[in-house]
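# Architecture at a glance
Read off the chains here:
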Amino acid sequence: MTTAFIFPGQGSQAVGMGKSLAENFPVAKSVFDEVDAALSQKLSAVMWDGPSEELTLTANAQPALMAVSLAVVRVLEAEAGLDLRRDAAFVAGHSLGEYSALAAAGTFSIADAARLLRIRGDAMQKAVPAGQGAMAALLGAELDQARAIATDAAQGEVCEAANDNGGGQVVLSGARAAVERAIALAGERGVKRAMLLPVSAPFHCALMQPAADAMRDALAKVAMQAPVVPVMANVGAAPLSAPDAIRDSLVAQVTGTVRWRECVQAMAAAGVTDFVELGSGKVLAGLVKRIVAGSAPVSIGTAEDIATYKARGA
C-alpha cells in the first residue's frame, strides 16, 4: 500500500461545497442528512446556499468540512470500490481534518464526529474574547526561525507556532499584540511575507486550553474504535491506532502545533507515493507538492472529480 488519504481543515470551506455530490449520489446525500440530524440543524443548506459568513463560523465550518470529506469517502466506496483497510497505508487530516480521517477509518461514527466538531468549534470560539487573539502566516520561514520570532515577540504574552504547513509556511497564534510584534520582527529578519489571517480566534496555542478541557470531556463520552488504518496524528507526527492514544492526541491538538510538514514527510518516508485529498478544495494537495519533491497529489471533492478518478482506473 503506497497511498495516503488526507483530509482538509478550516479555510477550505466554500459555499456550494458538496452540492454536486448530493445531487448525483444518494450515498452522499445520506451523509449530509445524517450530519443535519446529528446537529438538529440544516447545515447542508448553509453549505450549499450560504451565506458565506454563516458557513465560515467555526462551529459550522468544522462539521461541514467533515461532512463533505465523508461524503466523498462514501461515494468512492460505492462507485470506485474504495476500501481503506485494503487501499490505504495511512489517513491524516489537517487540524479538524483529523476528525474526518478518523471517521473515515471507523474510529467515530459520522454523527459523533459532527457533534464533536460542533463542540470543538464552539469551544474554540469561546476560549478567547473576540479581538484579543490573532494568527499570522509567515511565508518563506522555516519552523525554527518562526519559533524564534514567536519567542522574541511574546514578551510575557502567548505567541506560538500553530501550524507548520511545509513549503516555508508557518502560522503563528496567540495574543493579538504579540502576534503583531511577530509580524514586525519577521520583516526585520528577512521573512518573505508576514500577514494577519482573517480568523475568529487564535487556534492551536495555549490560549485554547479551555477548549482542550471541553474536548477532553466530550471525547470521554464518545465510543471510539481502533481505526482500520493508522492515522498520522498532527501533534506527534507519528501513526496512532489505539483509541486511548488517539483521544489524548485530539485533546493535545487543540493547543498544540499542527505538524503537517512532518506528517507528510513521515508518510513519504514510510513508502507513501500517492497522496489523495478527500473533501473541499485543494489546499492540502498544494502543500504536499511543496513538501514531497516530484509528488502529484490528487484532490477529490466534486462529482466531476469522482468521474475523473474512476476514469483513471484508480
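This text gives an overview of the structure that appears in the document. All values reported here derive from a predicted model rather than from experimental measurement. Within each chain, residue numbers correspond to sequence positions counted from 1 in written order. Where totals are concerned, whole chains, interfaces and linings use all residues; where local detail is concerned, this predicted model gives features only for residues with pLDDT of at least 70, and gives and counts side-chain atom pairs only at 80 or more. Where side-chain values are given, they derive from all heavy atoms of the structure, hydrogens and water being excluded.

### Quick word on the side chain of Asn-165
This is how it is decided: Only DSSP runs of H or I with at least four residues qualify as helices, and only runs of E with at least two residues qualify as strands; both kinds are numbered from the N terminus onward. The definition of a polar contact used here is a pair of N or O atoms within 3.5 Å, where within protein one atom must be able to donate a hydrogen and the other to accept one, and adjacent residues in sequence count solely through side-chain atom pairs.
With respect to the secondary-structure elements, Asn-165 resides in strand β4 (residues 159-166). Side-chain polar atoms of Asn-165 contact the side chain of His-94, separated by 2.8 Å. Polar side-chain contacts of Asn-165 include one of 2.7 Å to the side chain of Gln-169.

### Digging into the pattern of salt bridges
Filter applied, for reference: We count a salt bridge whenever a side-chain nitrogen from Lys or Arg sits within 4 Å of a carboxyl oxygen from Asp or Glu. Partly exposed describes any residue whose relative accessible area lies between the buried limit of under 20% and the exposed limit of over 50%, with all areas from a 1.4 Å probe on protein chains only and scaled to the type maximum.
Scanning all chains against the criterion turns up 14 salt bridges. Here Arg-115 and Asp-112 are joined by a salt bridge, their closest N and O atoms 2.9 Å apart. Of the two residues, Arg-115 and Asp-112 are both situated in helix α8 (residues 110-127); the distance of 3 residues between them amounts to about one turn of the helix. With a closest N to O distance of 3.0 Å, Asp-244 and Arg-247 form a salt bridge. Here Arg-247 and Asp-244 lie together in helix α12 (residues 243-255), a separation of 3 residues that amounts to about one turn. Looking at Asp-244, the relative accessible area reads 53%, which means it is exposed. Residue Arg-247 is classed as buried on the basis of its relative accessible area of 19%.

### Digging into the packing of aromatic side chains
The condition that has to hold: Ring pairs are drawn from Phe, Tyr and Trp, using the six-membered ring of Trp, whenever the two centres fall within 6.5 Å, and their geometry is named by plane angle: stacked under 30 degrees, edge-to-face over 60, tilted for the rest.
Going through the model one piece at a time under the given rule, you end up with 2 aromatic pairs. Judged by centre distance (5.4 Å) and plane angle (85°), the rings of Phe-32 and Trp-48 are edge-to-face. Placement of Phe-32 in helix α2 (residues 26-39) and of Trp-48 in helix α3 (residues 43-49) is noted, with a sequence separation of 16 residues between them. Judged on exposure class, the residue Phe-32 and its partner Trp-48 are both buried. For the ring pair Tyr-99 and Phe-108, a centre distance of 5.9 Å and an interplane angle of 15° mean the geometry is stacked. On the basis of relative accessibility, which here comes to 3%, the residue Phe-108 falls in the buried class.

### Overview of the nonpolar core
Note on soluble globular proteins: their nonpolar side chains tend to be buried together. Stated formally: Here the nonpolar core consists of buried residues drawn from Ala, Val, Leu, Ile, Met, Phe, Trp, Tyr and Cys, with membership extended through side-chain atoms lying within 4.5 Å. For this analysis, residues touch if any pair of their heavy atoms sits within 4.5 Å.
Counting 76 residues, the largest nonpolar core has Phe-5, Phe-32, Met-47, Val-91, Phe-108, Met-208 and Leu-278 as the members making the most contacts within it. By residue number, the principal contributor to this core is helix α5 (residues 58-80), which donates 11 residues. When near neighbours in sequence (up to four residues on either side) are disregarded, Leu-278 contacts Phe-5, Ile-6, Phe-7, Pro-8, Ser-69, Val-72, Val-73, Leu-76 and Ile-300. If you look at the next biggest cluster of nonpolar residues, it comprises 21 residues, including Ala-134, Ile-149, Ala-175 and Ala-178.

### Notes on the side chain of Thr-58
In this fold, Thr-58 is placed in helix α5. Apart from the residues within four sequence positions on either side, Thr-58 is in contact with Gln-10, Pro-63, Gly-121, Gln-125, Ser-200 and Phe-203.

### Some remarks on the environment of Ile-183
Mapping Ile-183 onto the fold places it in helix α10 (residues 176-188). A sequence separation of 103 residues divides Ile-183 from Ala-80, and the C-alpha atoms of the two residues are 46 Å apart. With residues near it in sequence (within four places) discarded, Ile-183 still touches Ala-136, Ala-194, Met-195 and Leu-196.

### So, helix α13 (residues 260-269)
Note the threshold: Think of the arc as the fan of directions from the helix axis to the C-beta atoms.
Here α13 has its buried residues at Trp-260, Cys-263, Val-264 and Met-267. In a view along the axis of α13, the buried residues occupy a sector of 95°, so they form one face of it. Elements that come into contact with the buried residues of α13 comprise β1 (3-7), β2 (90-93), β4, β7 (231-232), β9 (274-278) and α14 (283-291). Positive backbone phi, at 110°, marks Gly-271, one or two positions downstream of α13.

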